[in-house]
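Chains, contacts and geometry: an overview
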Amino acid sequence: MKKVPLQDLPLQYQTIKEELAPEIEQILSSAAYILGPAVSRFEENFARYVGTKYCIGCGSGTDALHLALIAAGVEPGDEVITVSYTFVATAWAISYCGATPVFVDIDPHTYTMDPKKLEAAITPKTKAVLPVHLYGHTCDMDEIMAICKRHKLALIEDAAQAHGSIYKGKNAGTFGVSSCFSFYPGKNLGAFGEAGGVCTNDSAMADHLRRLRNHSQGQRYYYDELGFNYRMDGLQGAVLDVKLRHLPKWTEMRHQVAKNYKLSLAGLPGLVLPEIKQWCTTNWYLFVIQHPRRDELQKHLAARGVESALHYPLPVHLQKAYAHLGYKPGDLPVSETVAKRCLTLPMFPEMTDEQIDQVTDAVREFCVK
Ligand SMILES: Cc1ncc(COP(=O)(O)O)c(C=O)c1O
């Protein structure tokens with residue numbers, strides 16, 4: 001039996017190998033290993049793709065979040081409101097600043113920050129709000145922006161999963177004072193290692209971010225504040241710049257896969273399919289279903305050669321690392337329920353009809369038996 005992987009990065013590499021080779025050669029032969037012209041070119045092109053004036057390339061999406069929070073003025077003792085149903089790095093970055101993550105629940109349909117829960121979580125210590133465009137579905141930005149404006153809070157978008165996602169005609173990553181992207185290999189735009197970027201329209205903030213990522217160096221060997229080695233590798237800039245040319249086509253191909261999934265899986269008992277709000281165009285980073293017998297379904301799929309994954313099995317507020325914050329089960333009921341029921345199916349642009357059929361046949365067999 002042929003296996004259907006969650007993603008197929010080796011296959012994608014084969015499709016762009018020839019285009020990549022001279023760009024990689026150029027980095028190696030010019031020894032532009034860290035930052036350099038390829039990173040600058042990518043920063044310009046990615047900012048244009050997102051629709052911001054600037055992109056500041058850095059070492060990872062986690063670095064991007066840390067830098068963006070510092071540049072927005074988050075300091076020890078502050079609170080930053082975010083979601084618990086996310087990849088843990090969203091919360092790490094807040095903690096790295098010495099600030100406290102305050103978790104609010106998600107909307108059960110979009111899996112993103114429930115704006116109705118946001119206002120109640122604001123205290124005099126709140127400095128910023130960090131919503132996450134999860135799985136590529138954008139947050140309900142109008143509501144979130146209105147609340148941030150009313151309370152004078154900095155809005156930073158965790159757009160690590162949202163390259164090319166659109167909210168009411170505007171790209172994810174253009175709503176906050178800054179937005180943070182991950183170019184982790186498995187993302188819709190993925191590097192050949194770790195990489196990330198912060199996007200912003202604010203030129204002073206862009207300058208600050210550029211200094212912060214480079215040991216806070218303005219003049220060489222002079223440092224005005226605590227800095228970081230969060231620079232992007234030249235090689236990653238070169239690879240990402242090539243891959244960016246293909247991103248619109250790859251996103252379109254993901255849409256086709258999602259459409260086929262939805263057609264084949266519609267109406268199955270117990271199965272909840274992703275729901276995309278009419279104000280959102282997702283980038284289909286992940287195709288996540290829910291089922292009350294999720295663990296059994298996952299085993300059933302594995303036995304039929306279908307890889308699947310859990311994004312995410314335990315919300316951040318219940319992780320041991322955050323026990324000191326004092327959250328307990330039941331505090332964020334939607335996040336906790338979805339975490340028990342979610343299952344990520346294979347999703348990548350190059351998926352064949354046969355692979356899609358293998359997945360949907362296996363899911364259908366489980367649901368109707
Ligand atoms: C929502 C979210 N935030 C932050 C990150 C951190 O990005 P990275 O893995 O590039 O550090 C990721 C990705 O892994 C993510 O999915």
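Residues numbered from 1 in each chain as written. Predicted model: local features only at pLDDT ≥ 70, side-chain atom pairs only at ≥ 80, totals over all residues. Heavy atoms only, no water.

1. Let's talk about helix H2 (residues 37-50)
Inclusion rule: Each helix corresponds to a stretch of at least 4 residues labelled H or I by DSSP, and each strand to a stretch of at least 2 residues labelled E; elements are numbered beginning at the N terminus. Each residue after the first adds 1.5 Å to the expected span of a helix. Whether a residue is buried, partly exposed or exposed follows from its accessible area with a 1.4 Å probe, protein chains only, as a fraction of its type maximum: under 20%, in between, or over 50%, in that order. Taken from the helix axis, the directions to the C-beta atoms give the arc we talk about.
Here H2 is 14 residues long and its end C-alpha atoms lie 20 Å apart, about the 20 Å a rise of 1.5 Å per residue gives. When we look at burial in H2, the residues that qualify are Ala38, Val39, Phe42, Glu43, Phe46, Ala47 and Val50. For H2, the angular spread of the buried residues around the axis is 160°, confining them to a single face. Seen from the buried face of H2, the exposed residues on the opposite side, beyond 90 degrees, are Pro37, Glu44 and Arg48.

2. With respect to the sheet that holds strand E7 (residues 170-171)
The test is simple: Note on pairing: two strands pair once DSSP finds at least 2 bridges between them.
The sheet built from 3 strands is open, its strands ordered E7-E6-E10 with antiparallel pairing. The open sheet has two edge strands with one neighbour each: E7 and strand E10 (280-281). Sheet analysis places strand E6 (residues 166-167) next to E7, joined by 2 bridges and oriented antiparallel. Its bridge partner being in E7, Ile166 is matched across the sheet by Asn171.

3. Some remarks on the pattern of salt bridges
So the rule is basically this: Here a salt bridge means any side-chain nitrogen of Lys or Arg lying within 4 Å of a carboxyl oxygen belonging to Asp or Glu.
Taken as a whole, this structure holds 16 salt bridges when the rule is applied. Notably, a salt bridge pairs Asp114 with Lys116, separated by 3.7 Å at the nearest N-O pair. Asp114 gets classed as buried once you look at its relative accessible area, which sits at 6%. When its relative accessible area of 67% is taken as the criterion, Lys116 is described as exposed. Put simply, Asp114 and Lys117 hold a salt bridge, and the shortest N to O gap is 3.4 Å. A network of salt bridges, in which partner residues are shared, links Glu23, Arg41 and Asp241.

4. Structural notes on the packing of aromatic side chains
As a reminder, the rule being used: Note on ring pairs: Phe, Tyr and Trp rings are taken, using the six-membered ring of Trp, and paired if centres are within 6.5 Å. Classes follow the plane angle, with under 30 degrees stacked, over 60 edge-to-face and the rest tilted.
Scanning the model with the defined rule gives 19 aromatic pairs in all. On the numbers, 5.3 Å between centres and 80° between planes, the contact of Phe42 with Phe183 is edge-to-face. With Phe42 in helix H2 and Phe183 in the loop between strand E8 (178-182) and strand E9 (196-200), this pair connects stretches of sequence that are 141 residues apart. By relative accessible area, Phe42 is classed as buried at 0%. On the basis of an interplanar angle of 35° and a centroid distance of 5.7 Å, the ring pair of Trp92 and Tyr322 is categorised as tilted. Of the two residues, Trp92 is situated in helix H4 (residues 89-96) and Tyr322 in the loop between helix H9 (294-303) and helix H10 (333-341); the sequence distance between them amounts to 230 residues. Among the aromatic residues, ring-to-ring pairing joins Phe42, Phe46, Tyr49, Phe181 and Phe183 into one connected group.

5. Concerning the pairing of strand E2 (residues 79-83)
For clarity, the cut-off: Handedness of a crossover is defined as follows: orient the strands so they point away from the viewer, and if the path from the first strand over the helix to the second runs clockwise, the crossover is right-handed.
Among the 5 residues of E2, 5 are classified as buried, and the element is accordingly described as predominantly covered. On E2, burial covers both faces: Glu79, Ile81 and Val83 on one face and Val80 and Thr82 on the other are all buried. Sheet topology places E2 next to strand E3 (residues 100-104); 5 bridges connect them, and they run parallel. In the strand pairing of E3, Val80 is matched with Pro101. What joins E2 to E3 is H4, and the crossover it makes is right-handed. Of the pairings in the sheet, the one linking E2 to strand E4 (residues 126-130) comprises 4 bridges and is parallel in character. Bridge pairing links Thr82 to Leu130 in E4.

6. A look at the state of the cysteines
Put simply, the test is: We call a pair of cysteine sulfur atoms a disulfide when they lie within 2.5 Å.
According to the stated counting rule, one finds 0 disulfides in the structure shown. Of all cysteine sulfurs in the structure, the one in Cys55 sits closest to Cys199, which takes part in no disulfide; the separation is 4.2 Å. Residue class for Cys199 comes out buried when judged on its relative accessible area of 1%.

7. Quick notes on the side chain of Arg254
Our working rule: Counting rule applied: Lys, Arg positive; Asp, Glu negative; His and chain ends not counted. Pairs of N or O atoms within 3.5 Å make up the polar contacts considered here, provided that, within protein, one atom can donate a hydrogen while the other can accept it, and that residues adjacent in sequence are counted only when both atoms are side-chain atoms. Contacts are assigned to residue pairs that have any heavy atoms within 4.5 Å of one another.
One can find Arg254 in helix H8 (residues 234-265). No salt bridge is formed by the buried Arg254, whose closest oppositely charged neighbour, Glu350, lies at an N-O distance of 7.0 Å. A polar contact is formed between the side chain of Arg254 and the backbone oxygen of Trp284, at a distance of 3.1 Å. Ignoring any residue separated from it by four or fewer positions in sequence, one finds Arg254 in contact with Asn188, Asn283, Trp284, Tyr285, Met347, Phe348 and Pro349.

8. Concerning the site of the ligand
Quick reminder of the rule: Any residue with a non-hydrogen atom lying within 4 Å of a molecule or strand is treated as near it. Computed with a 1.4 Å probe, the accessible areas rest on the Shrake-Rupley method; for each residue, only the protein chains presented here act as cover. Residue classes follow a fixed rule: Ala, Val, Leu, Ile, Met, Phe, Trp, Tyr, Cys and Pro count as nonpolar, while Asp, Glu, Lys and Arg count as charged, and any other residue, Gly among them, counts as polar.
The ligand sits among 17 residues. The nearest are Gly61, Thr62, Gln161, Ser182 and Lys187. Here Gly61 contributes a backbone N or O atom positioned 2.8 Å from an oxygen atom of the ligand. Between the ligand and the protein, one listed contact pairs an oxygen atom with a side-chain N or O atom of Ser182 at 2.7 Å. Taken by itself the ligand offers 380 Å² of open surface, and the protein chains cover 94% of this. Among the elements of the structure, helix H3 (61-71) and H4 are those that each provide at least two residues to the shell around the ligand. With 3 residues, the single largest contributor to the shell around the ligand is H3. Residue composition of the shell around the ligand, grouped by class: 8 nonpolar, 7 polar and 2 charged.

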